[in-house]
Each structure stands twice: as C-alpha cells, then as structure tokens.
Amino acid sequence: MSLKKSDEFKREAIQLALTSGLSRKQVAADLGIGMSTLNKWVAQHKHDDLMSGPHDDLHKELVRLRKENRILREERENLKKATEFFARQKR
C-alpha cells in the first residue's frame, strides 16, 4: 500500500538528493521510498524550476538566439539582393 507523502517531505527528499552528496539510491533507502519515486520527484522539481521564470542562463540563450536570428535574416536579405542583381545582369 502506498502512502501519499506531504509536499514538505518531497521538498526535503529532493534537497537531500541534490545536495547531500549521497547517492539517490541511499537517499531513497534512508527515507523509505523507491528510487524511481525519488527520481520522478527530482525530475519534476528540475522541470518546475526551469519553467518557473527567467533565469540567467535562459536570458543569455535568448539573447544569443535573437542575435543569431538577426544575422540569419541579414544573410537571407543579402542572398536575395545578390540573386536579384545576377538575374538583372543576365537580361
């Protein structure tokens, strides 16, 4: 029979798994939960943390992608102009 664990218990389990230096297998055994359960909680925590709002690394990635997008647009426009130029030269 499975007992539902409190949110506080889950948070503490996740914190232990991520910061204690113990293996997840050991943390799960010490807490009396399955390793797959602990892994699921940790994965959900990481997903929730990533989606919770702006982070420095996400901001840097957004800036990089916007710059790359601008460069690609400029290159596309240059190719269009070059194509039009050579098409006019052939006439």
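In case you missed it, the structure is sitting above this.
As the structure is a computational prediction, the values presented were derived from the model and not from experiment. (Residues numbered from 1 in each chain as written. Predicted model: local features only at pLDDT ≥ 70, side-chain atom pairs only at ≥ 80, totals over all residues. Heavy atoms only, no water.)

Caption draft 1: Representation of the overall build of the protein within the structure. Per the secondary structure count, the protein includes four helices and zero strands. Reading the secondary structure of the protein in the N-to-C direction produces α-α-α-α. Against the compact-globule benchmark of 12 Å for 91 residues, the protein has a radius of gyration of 26 Å, which places it well outside the compact range. For the protein, the residues scored as buried account for 10% of the 91 residues in total. Considering only contacts in the protein between residues 6 or more positions apart, those separated by 24 or more positions represent 36%. For the protein, the exposed area adds up to about 8,000 Å²; of that, 55% sits on carbon and sulfur atoms. The averaged location of the 14 negative side-chain charges in the protein is 7 Å from the averaged location of its 20 positive side-chain charges. (Helix = DSSP H or I, 4+ residues; strand = E, 2+ residues; numbered from the N terminus. Rg over C-alpha atoms; globule rule 2.2 N^0.38 Å. Buried < 20%, exposed > 50% of the residue type's maximum accessible area, 1.4 Å probe, protein only. Contact = heavy atoms within 4.5 Å. Areas by Shrake-Rupley, 256 points an atom, 1.4 Å probe, with all protein chains shown as cover. Lys, Arg positive; Asp, Glu negative; His and termini not counted. Charge placed at Lys NZ, Arg CZ, Asp CG, Glu CD.)

Caption draft 2: Structural view of the packing of aromatic side chains. Per the counting criterion, the structure on display carries two aromatic pairs. Seen from their ring centres, Phe-9 and Trp-41 are 6.1 Å apart, and the 85° between their planes marks the pair as edge-to-face. Highlighted residues: Phe-9 in helix 1 (residues 7-19) and Trp-41 in helix 3 (residues 35-51), separated in sequence by 32 residues. Residue classification places Phe-9 among the partly exposed residues on the basis of a relative accessible area of 22%. With a relative accessible area of 13%, Trp-41 lands in the buried category. Note on Phe-85 and Phe-86: the rings are 5.5 Å apart at their centroids and 75° apart in plane angle, and the pair reads as edge-to-face. Since its relative accessible area comes to 41%, Phe-85 is described here as partly exposed. (Phe/Tyr/Trp six-rings, centres within 6.5 Å; stacked < 30°, edge-to-face > 60°.)

Caption draft 3: Here's a closer look at the packing of helix 1 against helix 2 (residues 24-31). Direction vectors running N to C along helix 1 and helix 2 enclose 145°, while the axes themselves pass 9 Å from each other. The interaxial crossing formed by helix 1 with helix 2 has right-handed handedness. Counted together, Phe-9, Ala-13, Leu-16, Ala-17 and Leu-18 of helix 1 and Arg-24, Val-27 and Leu-31 of helix 2 form the full contact between these two elements. Grouping the constituent residues of the contact of helix 1 with helix 2 by class yields seven nonpolar, no polar and one charged. (Axes fitted to C-alpha atoms, helices over the stretch in contact; angles between N-to-C directions. Left-handed = near helix turned anticlockwise from the far one by under 90°. Nonpolar A, V, L, I, M, F, W, Y, C, P; charged D, E, K, R; others polar.)

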